[in-house]
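Here is how the chains run, residue by residue.
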Amino acid sequence: MLYPSIDSLMDKLDSKYTLVTVSSKRAREIKEDTKRGPLVERPASYKPVGMALEEIVENHLRFERFSVPDEKE
């Protein structure tokens with residue numbers, strides 16, 4: 001079984017689409033900017049996507065959805 005499991009990740013976020021979006025953006029930050037390295041003390045994964053998923057499971061990353069007000073004339 002892989003760590004972190006999809007079940008533990010889905011407890012943190014509302015959809016698989018959100019999971020992919022949040023983890024891919026964070027993985028890109030980890031890969032491109034060495035100053036913004038992993039927030040996990042000792043990541044089990046050496047790949048940026050795995051590190052991003054570990055950060056989500058350990059509550060280092062959060063996602064907040066904002067609603068846009070409807071425009072009514």
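Residues numbered from 1 in each chain as written. Predicted model: local features only at pLDDT ≥ 70, side-chain atom pairs only at ≥ 80, totals over all residues. Heavy atoms only, no water.

Draft legend 1. Representation of helix H3 (residues 48–57) in the model. Buried residues dominate H3, accounting for 8 of its 10 residues. Among the residues of H3, Gly50, Met51, Ala52, Leu53, Glu54, Glu55, Ile56 and Val57 are the ones counted as buried. After H3 finishes, the residue Asn59 shows a positive phi value of roughly 65 degrees. (Buried < 20%, exposed > 50% of the residue type's maximum accessible area, 1.4 Å probe, protein only. Helix = DSSP H or I, 4+ residues; strand = E, 2+ residues; numbered from the N terminus.)

Draft legend 2. Expanded view of the packing of helix H2 (residues 16–32) against H3. Orientation of H2 relative to H3, taken along the N-to-C sense of each, is 120 degrees, at an axis distance of 8 Å. In terms of axis orientation, H2 runs oblique to H3. For the crossing formed where H2 meets H3, the hand is right-handed. Contact residues: Leu19, Val22, Ser23, Arg26, Ala27, Ile30 and Lys31 in H2; Pro48, Val49, Met51, Ala52, Leu53, Glu55 and Ile56 in H3. Of the residues that constitute the contact of H2 with H3, the class distribution is 10 nonpolar, 1 polar and 3 charged. (Axes fitted to C-alpha atoms, helices over the stretch in contact; angles between N-to-C directions. Parallel < 35°, antiparallel > 145°, perpendicular 65-115°, else oblique. Left-handed = near helix turned anticlockwise from the far one by under 90°. Contact = heavy atoms within 4.5 Å. Nonpolar A, V, L, I, M, F, W, Y, C, P; charged D, E, K, R; others polar.)

Draft legend 3. Spotlight on unusual backbone geometry. Positive phi, close to 65 degrees, is recorded for Asn59, a residue that is not glycine. One can find Asn59 in the segment after H3.

Draft legend 4. The arrangement of the nonpolar core in detail. Formed by Leu9, Leu13, Leu19, Val22, Leu53, Ile56, Val57 and Leu61, the largest nonpolar core amounts to 8 residues. When residues of this core are traced back to their parent elements, those giving at least two are H2 and H3. Here this core gets 3 residues from one element, more than from any other, and that element is H3. Each residue touching Leu9, except ones within four places of it in the same chain, is listed here: Pro4, Leu19, Leu53, Ile56 and Val57. (Core = buried A, V, L, I, M, F, W, Y, C linked by side-chain atoms within 4.5 Å.)

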